[in-house]
Number of protein chains: 2
Amino acid sequence: MKHNIYLCEECLACRDPDIYCKFRPSCPIHFMTKKGFDSETQESVSKEFSVTFLPDDIRINIPKGTNLLEAAQKADIYVNASCNGQGSCGKCRLILESGTVDTIPTSLLSDTEKENRYILACQTKITDNLVIRIPEETLEKKLKTAGMGENATQKLAGLVQAFDPMVKKYTLKLEPPTMEDTVSDLERVKRHLKQAGCDTLKMSSGIRVMRQLTQSIRQDNWKVTVSVLQKKCSSELVDVRTIHPDEKSLGMAVDLGTTSIVVYIVDMQTGEVLSAASDHNSQAACGDDVINRIVCSEKEGIKKLQKMALSTINNLSQRALACLAQTHKNIENIVISGNTTMVHLLLGIDARYIRREPYIPTISEFPIIKAGTIGLKAAPYAGVFVMPGPAGYVGGDIVSGILYTGFHNNNDLTLIIDVGTNGEIVLGNNEFLMTAACSAGPAFEGGGIRCGMRAEEGAIEKITLDTETFEPRYLTVENKTARGICGSGMIDLLSEMHMKGVLGQDGRFRINPAHPRMTVFNDELAFILEFAKNIDTEEDIIFTQSDIRSLMLSKAAIYAGFTVLLEEIGMDFSMVDQMIITGGFGQYLDIEKAITIGLLPDIQREKFKYMGNSSIAGAYMALLSNTCRQQAIQISNSMTYVDFSSSTRFMEAFTKAQFLPHTESKLFPSVIRSYFNSPSVN
Amino acid sequence: MKHNIYLCEECLACRDPDIYCKFRPSCPIHFMTKKGFDSETQESVSKEFSVTFLPDDIRINIPKGTNLLEAAQKADIYVNASCNGQGSCGKCRLILESGTVDTIPTSLLSDTEKENRYILACQTKITDNLVIRIPEETLEKKLKTAGMGENATQKLAGLVQAFDPMVKKYTLKLEPPTMEDTVSDLERVKRHLKQAGCDTLKMSSGIRVMRQLTQSIRQDNWKVTVSVLQKKCSSELVDVRTIHPDEKSLGMAVDLGTTSIVVYIVDMQTGEVLSAASDHNSQAACGDDVINRIVCSEKEGIKKLQKMALSTINNLSQRALACLAQTHKNIENIVISGNTTMVHLLLGIDARYIRREPYIPTISEFPIIKAGTIGLKAAPYAGVFVMPGPAGYVGGDIVSGILYTGFHNNNDLTLIIDVGTNGEIVLGNNEFLMTAACSAGPAFEGGGIRCGMRAEEGAIEKITLDTETFEPRYLTVENKTARGICGSGMIDLLSEMHMKGVLGQDGRFRINPAHPRMTVFNDELAFILEFAKNIDTEEDIIFTQSDIRSLMLSKAAIYAGFTVLLEEIGMDFSMVDQMIITGGFGQYLDIEKAITIGLLPDIQREKFKYMGNSSIAGAYMALLSNTCRQQAIQISNSMTYVDFSSSTRFMEAFTKAQFLPHTESKLFPSVIRSYFNSPSVN
């Protein structure tokens, strides 16, 4: 068998034969066989076709029968695909410019689109050489990410007083050995470390540092910088090198979101955020929400998703470092803050039981890991602290948020909401912490909404309707041509449509279906937000009855979550001292309109507080301070998780909240008041 | 540049680009380029010749200009080369059967040999296709290793009472999670471990076990075997798997000698030595003694020597496991006992400063290392305990010896000697431990002796001379045809020649040079031990005046070591309660004759005790018991190292001891008595 030929001693001893040896595309041997040396057998093994993606003219050879979504992924082109190739979201629209394909018929494409040779990437198999054009709306665009600018990073300064990183650095001038002082090099370093105040009693050292030690200490006249990684109950000597005054010790805080990833590069001496970068989590090609990601990891292997997240982070840190004249090797401290599924997948840890009752994660409190062992680009010995997550659906990002807001140290009863796919909520103060996930669904992130999209360029984020004509006026992200509606836009639209009388309190259209703004799509009524002709596309931007229904379910889930969590301890909204909104989405949220649709409770407006990307902020704090890292563990351990999935109380509250703003109108006095004062109603 | 083509992402992320990426012979890419796909450019890169080694007909292609010793090493043929290719030992004799070579003239080959096309491998460069015959005496043969048989291993039973391995195993039946009990998988395992008596407070876990955890615990109804590696001040969860009642947890004790390596496979439940194997340390091709090995590591890189030692150990463990129906993966505990240089080189740690004043090793006390990180074939998480060594020239093998003999717990004043290249000695009892290395040189192992050899097949190990004719009668190892003299044979010969009047007390020949047993070699007198014609070779087995001188220097160094160490604390030989001889060499030593030549002191014979291979015995003890591992560290830390290299007291004692038996004859009353009673003297 040909395979055996290459299983030389090195291959057999290979640490990761799954990556390097088994003729996978990632194996260098495979790479050469396929691309360079073995082109003769290539043809006979499997029939391949060339696919050219326009407008960027990216060409790739793909085996017959592969679908176009996979082909795009292989070509590193990020195509919108909320449903991870199940053919249900209809977002992966491509235009077939030349060639013939084998495509499954779908109702998600309009007749006009079909006439214009639109196809769904995930429903189309490659059986010919193809030229494919990727329409503007299908390509993932630059994401608008909260908490990235100078303002946001300046807010962080002063949050941490005493710096205490995982990797501590000591500058030592060793006494050279003599015939009277013949202790080993390692003992010598330890002796000086002890004098410098380092606890060496529980210190071990890895094989790497043992191998570099002898040369390093003698290279520059016994002057060295020594790095010691603090772990939970022990420490490890991880690096010994000559002193380079120009080198900074850097830290990296990572907000590992399901949708987007944000990276901060921090100066570990001053605490200053030196640079930042953010991008889509490239796992998005495997589905919008954590469930789709887990399903994908089960079908296609965790390694695929692990690599996607790793490459996004590694690219972001590269981008953030580029302007600093520092290299990855100077990153010696890393904190990862993400939901439980995201951190499992990043570490290559099985997440499949998170989606199955009773929703068990593999790990909740992670040990300090070395960056080199998980593939993060940094000093190989860099300490990685993963924010602990109390439950399968309440993760380290929420713990980060609590750490940042600091309400766990405070007497005030606080309700915190991270609006996202899961809608995680926390209720508590310095005496208790309760948490739950509302399974709000991806509607606020554009998932399952016909023209929904994330807060990318061209997303409609602010809307008002004319009281008479219902003519919309809107703003888009970066003021680009409108491509769809993002979460804050949908809340505005729902609120406006309700307050202006387009919708009834049950969320059903109550205006004349023949109104020029109304149309029918897939047998249901839809409101036209923008006409295709105005934005030079084939399709109007519409908001359908189903979209409204999805959005109402999402908002109802979150409100029901608040209600049930308060009820658990015999309280109600009036007792809440502050309500904190976190997450990127919150930044563009119009609190008043969110109350109008019944997403947020009708309490005094001054109690609402927007805290930005608290996940990255908490990660930043944990990066600099061991006290914060220990606090994070304490927060996670002290959180009581309330499971809603089988709670009848939650189901009742959820049903009651599926109304505008709520079936119990007394809960929303100010909304009801302005609704009946509104000229368009009646 | 072509190189860049292959530096794909995987190559860049490669853990060891030195091995895998840089077109070294060991890189799989290089392998393919050279051997499979790129044969066209092969020729042009460098001219190669084929070398065929007889009698085994091993053929290898070697670049022009390589010397034959390197060529043999590449072909995995172990050729004697005491001096590591410096051209000074004359042991790497080969016969040129066909082809022309470029060889440096040498006086180490006799005229007869030169006529018969003998060449020295290390002095001969390849400039042609060659056929080379390796003479019997040049090939390394099976070594006679002490402490390997059933007797030796049975002695070990009962030495350790309470077993306490590094990797402890727990069999757990986990309670499955419920909606009321939703802790993470890791927390669940920890909870049950705690119930089973494991201290989980300081327990961490590696990424490997985090990745396997979820599947493992669910695979067989929540029943698992959990392995926990105990480190110095913490522990690590290293393995979780379903229960396999047939699998044994094994341990491996390794005596990592400069000359030979011994491996024991031990049942960690019963303490039984299940099997054993031993072989040459394949590093021997890089020189006989530690100095040559260090020099080689500096010239050719530590990796070369590291791989040689690793492959010897891995082959031995494979051999030892073959009869047990167990695999490497069941080895979960490893103890390495070796001198300081050997363990440094095995771990790939720089040893260069061990040979330079003030003789500093990189590490003396090693942390627990995982087998997978250093390339030992075993469970990747197997704990490796390296016996600590107090000094550059007194290593863990000596600490093992003390641990085994147990004299550090005993009131009796004990002197311990490990006769070998270094001649390490220890003096002490339960109150103090002093140690020194005598730099005895490699004479007792055959180094620097014209016909010297190790105790391999055909080595003359016992000799008596006829009182009248000086006709020798001898025994060889395994009763094979004589090929040379090993250490015990040399001591016998020196003693016999002295007592029978062949040598004076100054070690000079005092018989008629015309005696039929006398000859001249390289301008000096030599005693013929066996004539070439009797053993069917080209050369007589001789013992030259220089050989005698070397041997006398070696024995003088050891005796001087004893003297100075005793003087340091104001004692003399009469106060010594017991004298322990360890090491393979000691097994064949005739104590009486060793006293006759002044190697051992003239004290009551019942005080001498031979303890066999105490290095492997101590390793065995440390394998089973944490108390023994801690004792080893204590022993190493409490040893006072006395450096002889610049001691004038040592030089004086050394000079005085260069006499047969000693210049101060009153120190050897029994020898002097029998000498003057001997009929041959006068």
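Rules and cut-offs
Residues numbered from 1 in each chain as written. Chains lettered and ligands numbered in written order. Predicted model: local features only at pLDDT ≥ 70, side-chain atom pairs only at ≥ 80, totals over all residues. Heavy atoms only, no water. Axes fitted to C-alpha atoms, helices over the stretch in contact; angles between N-to-C directions. Helix = DSSP H or I, 4+ residues; strand = E, 2+ residues; numbered from the N terminus. Parallel < 35°, antiparallel > 145°, perpendicular 65-115°, else oblique. Contact = heavy atoms within 4.5 Å. Pairing = 2+ DSSP bridges. Salt bridge = Lys/Arg side-chain N within 4 Å of Asp/Glu carboxyl O. Buried < 20%, exposed > 50% of the residue type's maximum accessible area, 1.4 Å probe, protein only. Core = buried A, V, L, I, M, F, W, Y, C linked by side-chain atoms within 4.5 Å.

K.L.:
Even after reading the chapter, I still don't get the packing of helix H20 (residues 614–624) of chain B against helix H21 (residues 626–638) of chain B, so can you show me in this structure?
P.N.:
Two measures define how a pair of helices packs: the angle their axes make with one another and the distance between the axes. All names here are of chain B. It is the contact of H20 with H21, at a shortest axis distance of 5 Å, that shows an interaxial angle of 125°. By the angle between their directions, the pair H20 and H21 is classed as oblique. Contacts between H20 and H21 pair Met 621, Ala 622, Leu 623 and Leu 624 from the former with Asn 626, Cys 628 and Arg 629 from the latter.

K.L.:
How do you make sense of the sheet that holds strand S14 (residues 273–280) of chain A when you look at a structure like this?
P.N.:
Strand pairs in the sheet, formed through backbone hydrogen bonds, run parallel or antiparallel to each other. Residues and elements named next belong to chain A. In space, the 6 strands of this open sheet follow the order S14-S13-S12-S15-S17-S16, with mixed pairing throughout. The sheet is open, and its two edges are formed by S14 and strand S16 (369–370), each paired on a single side. Relative to strand S15 (residues 331–338), strand S12 (residues 250–256) runs parallel, the two sharing 7 bridges. Across the sheet, the residue bridging to Leu 250 is Ile 331, located in S15. Against the sheet, helix H20 (residues 614–624) contacts S12, strand S13 (260–267), S14, S15 and strand S17 (383–386), and its axis sits at roughly 150° relative to S12.

K.L.:
I'm lost on the environment of B:Glu115 in this one. Help?
P.N.:
Note that B:Glu115 resides in helix H7 (residues 111–115). Measuring from C-alpha to C-alpha, the distance between B:Glu115 and B:Lys232 comes to 63 Å, with 117 residues separating the pair along the chain.

K.L.:
For this particular structure, what's the right way to read the pattern of salt bridges?
P.N.:
Where side chains of opposite charge bring their charged atoms close, a pairing between them can arise. Applying the stated criterion across every chain, the model contains 66 salt bridges over all chains. Between A:Asp279 and A:Arg319 there is a salt bridge, and its shortest N-O distance comes to 3.1 Å. Here the residue A:Asp279 occupies a position in strand S14, and A:Arg319 occupies one in helix H12 (residues 302–322), the gap between them amounting to 40 residues. Assessed through its relative accessible area of 46%, A:Arg319 is described here as partly exposed. Put simply, B:Glu300 and B:Lys304 hold a salt bridge, and the shortest N to O gap is 2.5 Å. Connected through salt bridges with shared partners, the residues A:Glu175, A:Asp181, A:Arg188 and A:Arg191 form a single ionic network.

K.L.:
Looking at this model, I keep getting lost on the pairing of strand S7 (residues 130–133) of chain A. Mind explaining?
P.N.:
Every other side chain in a regular strand lies on the same face of the sheet, so the side chains alternate between the two faces. All names here are of chain A. Across the two faces of S7 the burial differs, with Leu 130 and Ile 132 buried and Val 131 and Arg 133 not buried at all. Relative to S7, strand S1 (residues 48–54) runs parallel, the two being bridged by 4 bridges. Looking at S7, one finds that Leu 54 is bridged to Arg 133. With 3 bridges connecting them, strand S3 (residues 93–98) and S7 associate as antiparallel partners. Within the sheet, the bridge partner assigned to Ser 98 lies in S7 and is Val 131.

K.L.:
I'm lost on the nonpolar core in this one. Help?
P.N.:
In summary, soluble globular proteins display a tendency toward joint burial of nonpolar side chains. In this structure, A:Ile334, A:Ile336, B:Leu193 and B:Leu237 are the most contacted members of the largest nonpolar core, which totals 109 residues. Broken down by element, the residue count for this core peaks at 9 residues, all from H12(A). Not counting the four nearest positions on each side in its chain, B:Leu237 is found in contact with B:Leu186, B:Val189, B:Leu193, B:Met203, B:Ser204, B:Ser205, B:Gly206, B:Val209, B:Val226, B:Ser227 and B:Val228. Among the nonpolar cores identified, the runner-up in size contains 108 residues, and B:Val266, B:Val335, B:Ala371 and B:Tyr393 belong to it.

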